[in-house]
Amino acid sequence: MTASATGKESNRNQNTAIAALVHIAGLLFGFFAIAFVYLVSDDEFIKANASNALNWHVPMSLVAVFVAITGIVVSEVIGVALAILIAVATICFALIASMKAYQGQAWKYPIFYQMI
């Protein structure tokens, strides 16, 4: 294997690791961390994963605000149930997307339209 082939493989591994971490960063820091990576990255694979993550986390943040208002105004039980549902879906989808990114695939989150 030549030095340039080894360098490309190392760069690909680094890019898949960063792309996988983008989805985990969304769980830990919200969509601000994902937006930062999307804006500063020049790698297409990382940008594709950041875009997919933003397409989930931004609308889900808006839905979470709606759920909080629903919980306060309508029913705490409904609000808590919806919040748990959102949290479980977000964690599961982020883990799936992270594993797919580490394998070299840009997985699109379901449900929401691809805005970015």
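Parameters at a glance
Residues numbered from 1 in each chain as written. Predicted model: local features only at pLDDT ≥ 70, side-chain atom pairs only at ≥ 80, totals over all residues. Heavy atoms only, no water. Axes fitted to C-alpha atoms, helices over the stretch in contact; angles between N-to-C directions. Helix = DSSP H or I, 4+ residues; strand = E, 2+ residues; numbered from the N terminus. Parallel < 35°, antiparallel > 145°, perpendicular 65-115°, else oblique. Contact = heavy atoms within 4.5 Å. Phe/Tyr/Trp six-rings, centres within 6.5 Å; stacked < 30°, edge-to-face > 60°. Buried < 20%, exposed > 50% of the residue type's maximum accessible area, 1.4 Å probe, protein only. Lys NZ or Arg CZ within 6 Å of the ring centre and 35° of its normal.

**Here's the deal with the packing of helix H3 (residues 44–73) against helix H4 (residues 76–102)**
With their axes 9 Å apart at the nearest point, H3 and H4 run at an angle of 175 degrees to one another. Taken together, H3 and H4 sit at an angle that is classed as roughly antiparallel. Of the residues in H4, those in contact with Phe45, Asn49, Trp56, His57, Met60, Val63, Ala64, Val67, Thr70 and Gly71 of H3 are Glu76, Ile78, Gly79, Leu82, Ala83, Ile86, Ala89, Thr90, Phe93 and Ala101.

**Here's the deal with the packing of aromatic side chains**
This structure, assessed with the given rule, holds five aromatic pairs. Seen from their ring centres, Phe93 and Trp107 are 6.0 Å apart, and the 50 degrees between their planes marks the pair as tilted. Within this pair, whereas Phe93 is found in helix H4, its partner Trp107 is found in the segment after H4, the two being separated by 14 residues in sequence. For Phe93, a relative accessible area of 18% translates into the label buried. When the ring of Trp107 is compared with that of Tyr109, the centres are 5.5 Å apart and the planes differ by 50 degrees; the resulting orientation is tilted. On the basis of relative accessibility, which here comes to 22%, the residue Trp107 falls in the partly exposed class. An aromatic cluster of at least three residues, connected via ring pairs, comprises Trp56, Phe93, Trp107 and Tyr109. When the ring centre of Tyr38 is taken as reference, the NZ or CZ atom of Lys47 above it lies at 4.3 Å.

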